[in-house]
Amino acid sequence: MAMTWDPFRDLDRLAANVLDSSRGPRMMPIDLHRDGDHYVLSADLPGVDPGSIDIDVDGQLMTIRAERTLRDDENVRWLVHERPSGSFLRQLTLGEGIDTAGISAHYDNGVLSVIIPVSERAKPRKVEVRSAADDVVTPEVTSSGS
């Protein structure tokens, strides 16, 4: 599973946050690494209700959605409001060697962890090397008793 860096995506995210933070879903920061025969994706989603997290896999496209709701109280007068609220969205294209049926997720302390297993056919394996001598059948020698 490969991820490419796109500087324009980061500029778009920064511009969206500065210009109008009320429009559209926000990006969620992630870390992704391979640990043996699976990938581990960690997404920062502090303050998100775990029931609002939705992970869909459609073919090779994985979509993660989450919602952080703003405190809704008429008596509150905000002095500073920097933490974003609303919808968060991240889409990743999964490689061909992924076992999409085995994907699992866990949310703890504001971090969503998604375990993405590598399929059996994509795991490294040893190939036996045979020689022509291995394929030759040797006749059995029988001794006859007199």
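Residues numbered from 1 in each chain as written. Predicted model: local features only at pLDDT ≥ 70, side-chain atom pairs only at ≥ 80, totals over all residues. Heavy atoms only, no water.

Q: Just to check I follow, could you spell out the side chain of Arg-68 for this structure?
A: Mapped onto the fold, Arg-68 is located in strand 4 (residues 61-68). In this structure Arg-68 is buried but unpaired, with Asp-44 as the nearest side chain of opposite charge at 9.1 Å. Of the polar contacts made by the side chain of Arg-68, one reaches the backbone oxygen of Pro-46; its length is 2.4 Å. Excluding residues within four positions of it along the chain, Arg-68 makes contact with Leu-45, Pro-46, Gly-47, Val-48, Arg-83, Pro-84, Ser-85, Gly-86 and Phe-88. (Helix = DSSP H or I, 4+ residues; strand = E, 2+ residues; numbered from the N terminus. Buried < 20%, exposed > 50% of the residue type's maximum accessible area, 1.4 Å probe, protein only. Lys, Arg positive; Asp, Glu negative; His and termini not counted. Salt bridge = Lys/Arg side-chain N within 4 Å of Asp/Glu carboxyl O. Polar contact = N/O pair within 3.5 Å; in protein donor to acceptor, adjacent residues only side chain to side chain. Contact = heavy atoms within 4.5 Å.)

Q: Before we go on, may I ask you to explain the sheet that holds strand 3 (residues 54-58) in this structure?
A: The strands that make up a sheet pair up through hydrogen bonds in the backbone, lying either parallel or antiparallel. With respect to topology, three strands assemble into an open sheet ordered 3-4-5, the strand pairing being antiparallel. In the strand order of this sheet, the two ends are held by strand 3 and strand 5 (86-93), each with one partner. Adjacent strand axes in the sheet meet at a mean angle of 15°, parallel and antiparallel pairs treated alike. Direction of pairing for strand 3 relative to strand 4: antiparallel, over a ladder of five bridges. Bridging from a neighbouring strand, Asp-56 pairs with Thr-63 of strand 4. (Pairing = 2+ DSSP bridges. Axes fitted to C-alpha atoms, helices over the stretch in contact; angles between N-to-C directions.)

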